[in-house]
Every structure is written in C-alpha cells, then in structure tokens.
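Fold and contact review
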Amino acid sequence: SQQGEEDPQALSIQEGENATMNCSYKTSINNLQWYRQNSGRGLVHLILIRSNEREKHSGRLRVTLDTSKKSSSLLITASRAADTASYFCATADRGSTLGRLYFGRGTQLTVWP
Amino acid sequence: IAGITQAPTSQILAAGRRMTLRCTQDMRHNAMYWYRQDLGLGLRLIHYSNTAGTTGKGEVPDGYSVSRANTDDFPLTLASAVPSQTSVYFCASSDQGTGGITFFGQGTRLTVV
C-alpha cells in the first residue's frame, strides 16, 4: 500500500498542551499535506509542505518533513478544545496523477477543556 | 459559497439496487476525485478525472463507475450495490491553480442493507 501511516492512532490531551502527530510514508513524494476532519464532516486542508522544504509554519501549526526517513510531523501548539478532530496526512507522489493523494488512517485528537 | 456539493447527504439502499451519488463543484477545477472512507482504513481513491472527458481508476474501483461530461459534475454510480459498499463517500477536486491542495465535499453516508 502507498498509504501513509499516522502515529499515534489516538491522542488525548488537556487544553494548552501541545499535540504532536507523526506520519510515515513509503514512496518518493512531490509534497505532503495535512488535513483535518471534524466528526461527520469533510476534510479541510491545513498545510502543505513540498519535498524540498524541511519545516513550515501556519499559525499554531508547525510541520516538519524528513524525506530521508520518509516521515513528517504535525505540531499543534497551545491546543484548544476546538482542535478536537481527526488529522490525516496525505502524500502526492512524484510523477503521479495531478492532485492524486494517498491518505493515512488518521490520528484522532481529543482536547479536553 | 464556492465549493463542492454532494447529494444525497445520506442514503439507505437495498442490496442489488443501482445508485448514483452526485457531485458538483463551482471552482472550475480540472481534477475531481471520489474517495471512500471506512473506519480503520482511512480514505481510499475509487476513481478520478484529470479533466472533463477523461476518467481513471483508483485503488478500489470495482463495483463503481464514473463519468465526466463537463467540468463541474462528477457522478459516481454503483451499478448493483453490495453491503461492502457501505461507507462514507467523499467527492473532491483540485487544480494546478490550487498548488496541490484538494477540496472536499461534506460526504455521502451510504448504507447498503
């Protein structure tokens, strides 16, 4: 399977703490993306990091990419109850069909008030 | 609001029946996709279309067909539904102009009994 794999499968933290989710993948990629899914809703794009980038920030989000280890991490700082959702990494393979993404199984994040 | 509209939102379908899931986008994206999401398996690509008039098979195409008569619409048809097609189906779109970011509809929850 070309799917990425997120770790952990589930994460439970208190408000104000940082949440770190990891993603490993198998192929050579063009970019790696993180998406968020609230319960019963569609996926929403959070951040994209290209294969020639190592770190990227967006608000309280920090993403790192290590192409030598084929891994990425998503850090959410100062988490809030509203951050409770499932988070998915998705890879766009080098040379693959435009926009086609391979998704991991996701990390369920619960942030307690 | 621009985006992707899926219909129906949910459906209970008798096994053996034919069903078409509708998807319309108003962002003029070239590429469109159908994913299914199953617990523990993440999102898997069923079919995709890089541009109007062309379609391709994803990871799990069996039992499904698609058409792309124009840019905006990308219906997914189950010719003869089976219980294993019980899932949440997401339509998505992307374009070179989105830089690889994929936009998702709200999903159709399908139960085949």
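Residues numbered from 1 in each chain as written. Chains lettered and ligands numbered in written order. Predicted model: local features only at pLDDT ≥ 70, side-chain atom pairs only at ≥ 80, totals over all residues. Heavy atoms only, no water.

Next up on the list: the overall build of chain A. Along chain A, the regular secondary structure elements total 0 helices and 11 strands. Of the regular secondary structure in chain A, the N- to C-terminal order runs β-β-β-β-β-β-β-β-β-β-β. The C-alpha atoms of chain A give a radius of gyration of 13 Å, which matches the 13 Å a tight globule of 113 residues would have. Each of the three principal axes of chain A carries a C-alpha extent, and together these read 45 × 30 × 20 Å. Looking at chain A as a whole, 50% of its 113 residues are labelled buried. Taking contacts inside chain A between residues at least 6 apart in sequence as the whole, the part at least 24 apart equals 57%. Carbon together with sulfur atoms contributes 45% to the accessible area of chain A, which is approximately 5300 Å² in total. Looking at chain A, you have 14 positive and 10 negative side-chain charges, and the mean spots of the two groups are 6 Å apart. (Helix = DSSP H or I, 4+ residues; strand = E, 2+ residues; numbered from the N terminus. Rg over C-alpha atoms; globule rule 2.2 N^0.38 Å. Buried < 20%, exposed > 50% of the residue type's maximum accessible area, 1.4 Å probe, protein only. Contact = heavy atoms within 4.5 Å. Areas by Shrake-Rupley, 256 points an atom, 1.4 Å probe, with all protein chains shown as cover. Lys, Arg positive; Asp, Glu negative; His and termini not counted. Charge placed at Lys NZ, Arg CZ, Asp CG, Glu CD.)

Let us now look at the sheet that holds strand 6 (residues 55–58) of chain A. All names here are of chain A. Taken together, the 5 strands give an open sheet; going across it, the order is 1-3-8-7-6, and neighbouring strands pair in antiparallel fashion. Looking at strand neighbours, the two that pair on one side only are strand 1 (5–7) and strand 6, the edges of this open sheet. Here the strands of the sheet are splayed against their neighbours by 20° on average, with no regard to which way each runs. Of the pairings in the sheet, the one linking strand 3 (residues 19–24) to strand 8 (residues 71–76) comprises 6 bridges and is antiparallel in character. Along strand 8, the bridge assignment pairs Met 21 with Leu 74. (Pairing = 2+ DSSP bridges. Axes fitted to C-alpha atoms, helices over the stretch in contact; angles between N-to-C directions.)

Here the focus is the packing of aromatic side chains. Going through the model one piece at a time under the given rule, you end up with 8 aromatic pairs over all chains. The interplanar angle of 85° and the centroid separation of 5.4 Å between the aromatic rings of Phe 103 of chain A and Tyr 35 of chain B together place this pair among those described as edge-to-face. One end of the pair, Phe 103 of chain A, is in strand 10 (residues 102–103); the other, Tyr 35 of chain B, is in strand 4 (residues 31–38), on a second chain. According to the relative accessible area criterion, Phe 103 of chain A is buried, its value standing at 0%. According to the relative accessible area criterion, Tyr 35 of chain B is buried, its value standing at 0%. Here the aromatic residues Tyr 35 and Phe 103 of chain A together with Tyr 33, Tyr 35, Phe 90 and Phe 104 of chain B are joined through ring pairs into a cluster of three or more. The cationic tip of Arg 68 of chain B hangs over the ring face of Phe 74 of chain B; the distance from NZ or CZ to the ring centre is 6.0 Å. (Phe/Tyr/Trp six-rings, centres within 6.5 Å; stacked < 30°, edge-to-face > 60°. Lys NZ or Arg CZ within 6 Å of the ring centre and 35° of its normal.)

Put simply, chain A has an average pLDDT of 91, and 93% of its residues get 70 or more. Per-element mean pLDDT across chain A ranges from 85 in strand 1 of chain A up to 98 in strand 7 (residues 61–66) of chain A. (pLDDT = per-residue confidence, 0-100.)

All names here are of chain B. In space, the 4 strands of this open sheet follow the order 1-3-8-7, with antiparallel pairing throughout. Each of the sheet's edge strands pairs with one partner strand only, and the pair in question is strand 1 (4–7) and strand 7 (64–66). Taking each pair of neighbouring strands and ignoring which way they run, the sheet shows an average axis angle of 20°.

The full count for this structure, using the stated rule, is 8 salt bridges over all chains. Among the salt bridges present, the one from Lys 56 of chain A reaches Glu 53 of chain A, with a minimum N-O distance of 3.9 Å. You can call Lys 56 of chain A partly exposed: its relative accessible area is 29%. Between Asp 72 of chain B and Arg 28 of chain B there is a salt bridge, with its nearest N and O atoms 2.9 Å apart. Of the two residues, Asp 72 of chain B sits in the loop between strand 7 and strand 8 (76–78) while Arg 28 of chain B sits in the loop between strand 3 (19–25) and strand 4, which places them 44 residues apart along the sequence. A single salt-bridge network, built from bridges that share partners, covers Arg 36, Arg 60 and Asp 83 of chain A. (Salt bridge = Lys/Arg side-chain N within 4 Å of Asp/Glu carboxyl O.)

Our focus in this paragraph is the layout of surface pockets. The computed volume of the largest pocket comes to approximately 600 Å³. The wall of the largest pocket is formed by 27 residues, among which Gln 37, Ser 86 and Phe 88 of chain A together with Gln 37 and Leu 39 of chain B lie closest to the centre. Secondary structure elements with two or more residues in the lining of the largest pocket: strand 9 (85–93) and strand 11 (107–112) of chain A together with strand 4, strand 9 (87–94) and strand 11 (108–112) of chain B. Looking at the lining of the largest pocket, the element that brings in the most residues is strand 9 of chain A, giving 3 residues. For the lining of the largest pocket, a count of residues per class yields 6 nonpolar, 17 polar and 4 charged. (1 Å grid on protein atoms, 1.4 Å probe; cavity = no way out; pocket = protein on both sides within 12 Å on 5 of 7 lines; lining within 4 Å. Points joined across faces, edges and corners; volume = space filled by probe spheres on them. Nonpolar A, V, L, I, M, F, W, Y, C, P; charged D, E, K, R; others polar.)

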